[in-house]
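Structural overview for review
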Amino acid sequence: MQPVQPVQRVQQHQTQQRQDSTIDLITPNYDAGSVNNTVSVLLGNGYGTFQAKQDYAVGPQPYSVFSIDVNHDSKIDLITANVNGRSVSVLLGNGNGTFQATQDYTVGSQAWSVFGMDVNQDSKIDLITANGAGNSISVLRGKGNGSFPSASVFPALAQPYSVFCIDINGDSKIDLITPNFGGNTVKMFLGNGDGTFYSNQDYAVGTQPRSVFGMDVNQDEQIDLITTNTGGDSVSVLLGNGDATFQAKQDYAAGTEPWSVFLIDVNQDEQIDLITANAGGDSVSVLLGNGNGTFQAKQDYAVGTQPWSVFLIDVNQEAQIDLITANAGGNSVSVLLGNGNGTFEA
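The rules behind each value
Residues numbered from 1 in each chain as written. Predicted model: local features only at pLDDT ≥ 70, side-chain atom pairs only at ≥ 80, totals over all residues. Heavy atoms only, no water. Helix = DSSP H or I, 4+ residues; strand = E, 2+ residues; numbered from the N terminus. Rg over C-alpha atoms; globule rule 2.2 N^0.38 Å. Buried < 20%, exposed > 50% of the residue type's maximum accessible area, 1.4 Å probe, protein only. Contact = heavy atoms within 4.5 Å. Lys, Arg positive; Asp, Glu negative; His and termini not counted. Charge placed at Lys NZ, Arg CZ, Asp CG, Glu CD. Phe/Tyr/Trp six-rings, centres within 6.5 Å; stacked < 30°, edge-to-face > 60°. Pairing = 2+ DSSP bridges. Axes fitted to C-alpha atoms, helices over the stretch in contact; angles between N-to-C directions. pLDDT = per-residue confidence, 0-100. Salt bridge = Lys/Arg side-chain N within 4 Å of Asp/Glu carboxyl O. Polar contact = N/O pair within 3.5 Å; in protein donor to acceptor, adjacent residues only side chain to side chain.

As annotated in an unreviewed UniProt entry, the chain carries the name VCBS repeat-containing protein and is attributed to Didymodactylos carnosus.

Let us look at the overall build of the chain. Helix and strand counts for the chain come out as 0 helices and 27 strands. Relative to the 2.2 N^0.38 estimate, which gives 20 Å for 346 residues, the radius of gyration of the chain is 18 Å and therefore close to what a compact globule would have. Across the 346 residues in the chain, those meeting the buried criterion constitute 62%. Counting only contacts in the chain whose residues sit at least 6 apart along the sequence, the fraction spanning at least 24 positions is 44%. For the chain, the distance from the average site of its 13 positive side-chain charges to the average site of its 34 negative ones is 10 Å.

It is worth spelling out the packing of aromatic side chains at this point. According to the stated counting rule, one finds 19 aromatic pairs in the structure shown. With a centroid separation of 5.5 Å and 65° between ring planes, the pair formed by Phe213 and Phe262 is classed as edge-to-face. With Phe213 in strand S17 (residues 209–215) and Phe262 in strand S21 (residues 258–264), the pair connects residues that are 49 residues apart, well separated along the chain. Assigned by exposure class, Phe213 and Phe262 land together as buried. Plain terms: the ring middles of Tyr301 and Phe344 are 5.7 Å apart, the flat faces sit at 85° to each other, and that makes the pair edge-to-face. Here Phe344 lies in the segment after strand S27 (332–336) and Tyr301 lies in strand S24 (residues 299–302), a separation of 43 residues in the sequence.

The 4 strands are arranged S9-S10-S11-S12 in an open sheet whose pairing can be described as antiparallel. The open sheet is flanked by strand S9 (111–117) and strand S12 (152–155), the only strands paired with a single partner. Sheet twist, expressed as the mean angle between neighbouring strand axes with direction ignored, is 20°. Examined bridge by bridge, strand S11 (residues 136–140) and S12 share 4 bridges and lie antiparallel to one another. Each bridged residue has a counterpart across the sheet, and for Ser138 the counterpart in S12 is Val153.

This part covers the confidence of the model for the chain. For the chain, per-residue confidence averages 91 on the pLDDT scale, and 94% of positions sit at 70 or higher. Of the regions scoring below 50 in pLDDT, residues 1–15 engages in 93 contacts with residues more than four places distant in sequence or in other chains.

On to the side chain of Asn218. Mapped onto the elements of the fold, Asn218 is located in the loop between S17 and strand S18 (224–229). Once residues lying within four places of it in the same chain are set aside, the contact partners of Asn218 are Asp224, Leu239, Gly291, Asn292 and Gly293.

Our focus in this paragraph is the pattern of salt bridges. Taken as a whole, this structure holds 4 salt bridges when the rule is applied. Between Asp55 and Lys53 there is a salt bridge, with its nearest N and O atoms 2.7 Å apart. Here Asp251 ties to Lys249 by a salt bridge, and the two come within 2.6 Å at their closest N and O atoms. Taking relative accessible area as the criterion, Asp251 reaches 31% and is therefore assigned partly exposed.

Turning our eyes to something else, we now look at the environment of Asn192. Tracing the backbone through its elements, the reader meets Asn192 in the loop between strand S15 (185–191) and strand S16 (197–204). The spatial distance from the C-alpha of Asn192 to the C-alpha of Pro258 is 33 Å, given a sequence separation of 66 residues. Other than its neighbours up to four places away in sequence, Asn192 contacts Lys173, Phe197 and Tyr198. Within the local environment of Asn192, its side chain forms a polar contact with the side chain of Thr196, the two groups lying 2.9 Å apart.

What follows deals with the side chain of Asp224. Note on placement: Asp224 falls in strand S18. A distance of 2.6 Å separates a polar side-chain atom of Asp224 from the backbone nitrogen of Gly240. When neighbours within four sequence positions are excluded, Asp224 is seen to be in contact with Phe213, Gly214, Met215, Asp216, Val217, Asn218, Leu238, Leu239, Gly240 and Phe246.

Below you can see the structure in the form of structure tokens.
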């Protein structure tokens, strides 16, 4: 059993499963044998510690999870992307940290990642998956009651392992970005505002990009892109021009086999920093930002075995950003409390 990708982005990804103001953790448990197909929910105690896990059944080989309110009842729901099931599983929340039985919806082949956002401007949450074997993106438009009709499929390039949703060209329409693991590029799908998308220019990044994140890293109010490059032990930063075009990549060394990336200000200097989970190095790399789109040399911290995903948020209510990894090889999560200056405790 391998917990993978507990979260995607703090600004758009809701993490409190109970209405008690404490942070909880959720991991999908990817089992290569498709035997233990669950998500684990670890309710927080508010001091940086967590209760024992509670497991919920989902579809075959859940690889990523996203949490958001999909049925407008002010309760957090869970969605998993199921690699072997060609599906997403939706678990409606009860508001007390427990969840109802799953409802599955069909998407493309080998859904590695899922993202929830309103992409057609109807104030209802839609679901987007990256389908690695299908070389495609699936979009399921939500009805607003927690159910989703059949998916629309958009061709991607080679092995899109993740997807990120954000408005990259300032037209108030949500766009999609995918890293193409087999093509060493990122691909843009610009939104029409009605839940449909059209393919835009591809950009070269490092070798075997697995994860992508969009955020303004150089304080020019334009969205920039960052990928983790598993084959290159690096991250690529592409500064945005604001019109859905990007400058050539700038690469920075990360740890061994970085699988996922997260961006947030970890040292309270109002500049965005970059953190990667390094599956081959049993570590995370922290690259402090200079505020102009460049980053300092990495500082590594040991975590559990094969961290496949990283997320940062204040878990102990001390107004400092803490770090959480999902460790595929150790069937665990690691919590590193932050010191507020960009460093972390063991």
